[in-house]
Amino acid sequence: MSYQLYRNTTLGNTLQESLDELIQYGQITPALAFKVLLQFDKSINNALNQRVKARVTFKASRLNTYRFCDNVWTLMLNDVEFREVHEFVKVDKVKIVACDGKSGDFN
């Protein structure tokens, strides 16, 4: 099973809203909508795993909280600097959710 983290993105939310509308108008069944969401989960995880090669480093002045549950790390950081080659961004607070890409089903 693939992670469902990306359902809460703009793309994921728009897909869910469109599927809900199709269900309301009787154009698809809830079972088909569920299959579409499962395929979205697999496809987005696979695309990010295979196609994204950019690397970003970050440094935080404070690790506020951290948690490791069900093979997922959640980090709450304060005063964070992100760097990618020639770009630099500083933010006050950030939440990072990190999953093991090797344990998910990306096929």
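Keep in mind it's a predicted model, so treat the numbers as computed, not measured.

The next subject is the environment of Lys-95. Here Lys-95 shows up in strand S3 (residues 87-99). Sequence spacing of Lys-95 and Phe-34 is 61 residues, and the spatial spacing of their C-alpha atoms is 28 Å. Residues in contact with Lys-95, not counting those within four places in the same chain, are Thr-74, Leu-75 and Met-76.

This model, assessed by the stated rule, comprises 3 aromatic pairs. Their ring planes at 40 degrees and their centres at 6.5 Å tell us that Tyr-66 and Trp-73 sit as a pair that is tilted. We classify Tyr-66 as exposed; its relative accessible area is 58%. On the numbers, 4.7 Å between centres and 40 degrees between planes, the contact of Phe-68 with Trp-73 is tilted. What makes Trp-73 partly exposed here is its relative accessible area of 40%. The rings of Tyr-66, Phe-68 and Trp-73 are connected pair by pair, giving a single aromatic cluster.

What the 3 strands build is an open sheet, ordered S1-S2-S3; its pairing is antiparallel. Whereas interior strands pair on both sides, the edge strands pair on one side only; in this sheet they are strand S1 (57-69) and S3. Put simply, the sheet's adjacent strands are angled 10 degrees from each other on average, direction ignored. Here S1 runs beside strand S2 (residues 72-84); their pairing, made up of 11 bridges, is antiparallel. Bridging from a neighbouring strand, Ala-60 pairs with Val-80 of S2.

With 15 residues, helix H1 (residues 10-24) should reach 21 Å at 1.5 Å per residue; the first-to-last C-alpha distance of 21 Å fits that figure. In the stretch just after H1, Gly-26 is the one whose phi turns positive, near 70 degrees.

Turning our attention to the pairing of S2. Counting the residues in the hairpin turn of S1 and S2 gives 2 residues, including Asp-70, whose phi is positive at 55 degrees. Pairing analysis gives 12 bridges linking S2 to S3, with the strands arranged antiparallel. Directly across from Arg-83, in S3, lies its bridge partner Phe-88. In textbook terms, the turn of a hairpin is the stretch between consecutive antiparallel strands, and for S2 and S3 this stretch comprises 2 residues, one of which, Val-85, has a positive phi near 40 degrees.

Here is what the cut-offs are and how they apply
- Residues numbered from 1 in each chain as written.
- Predicted model: local features only at pLDDT ≥ 70, side-chain atom pairs only at ≥ 80, totals over all residues.
- Heavy atoms only, no water.
- Helix = DSSP H or I, 4+ residues; strand = E, 2+ residues; numbered from the N terminus.
- Contact = heavy atoms within 4.5 Å.
- Phe/Tyr/Trp six-rings, centres within 6.5 Å; stacked < 30°, edge-to-face > 60°.
- Buried < 20%, exposed > 50% of the residue type's maximum accessible area, 1.4 Å probe, protein only.
- Pairing = 2+ DSSP bridges.
- Axes fitted to C-alpha atoms, helices over the stretch in contact; angles between N-to-C directions.
- Expected span 1.5 Å × (residues − 1).

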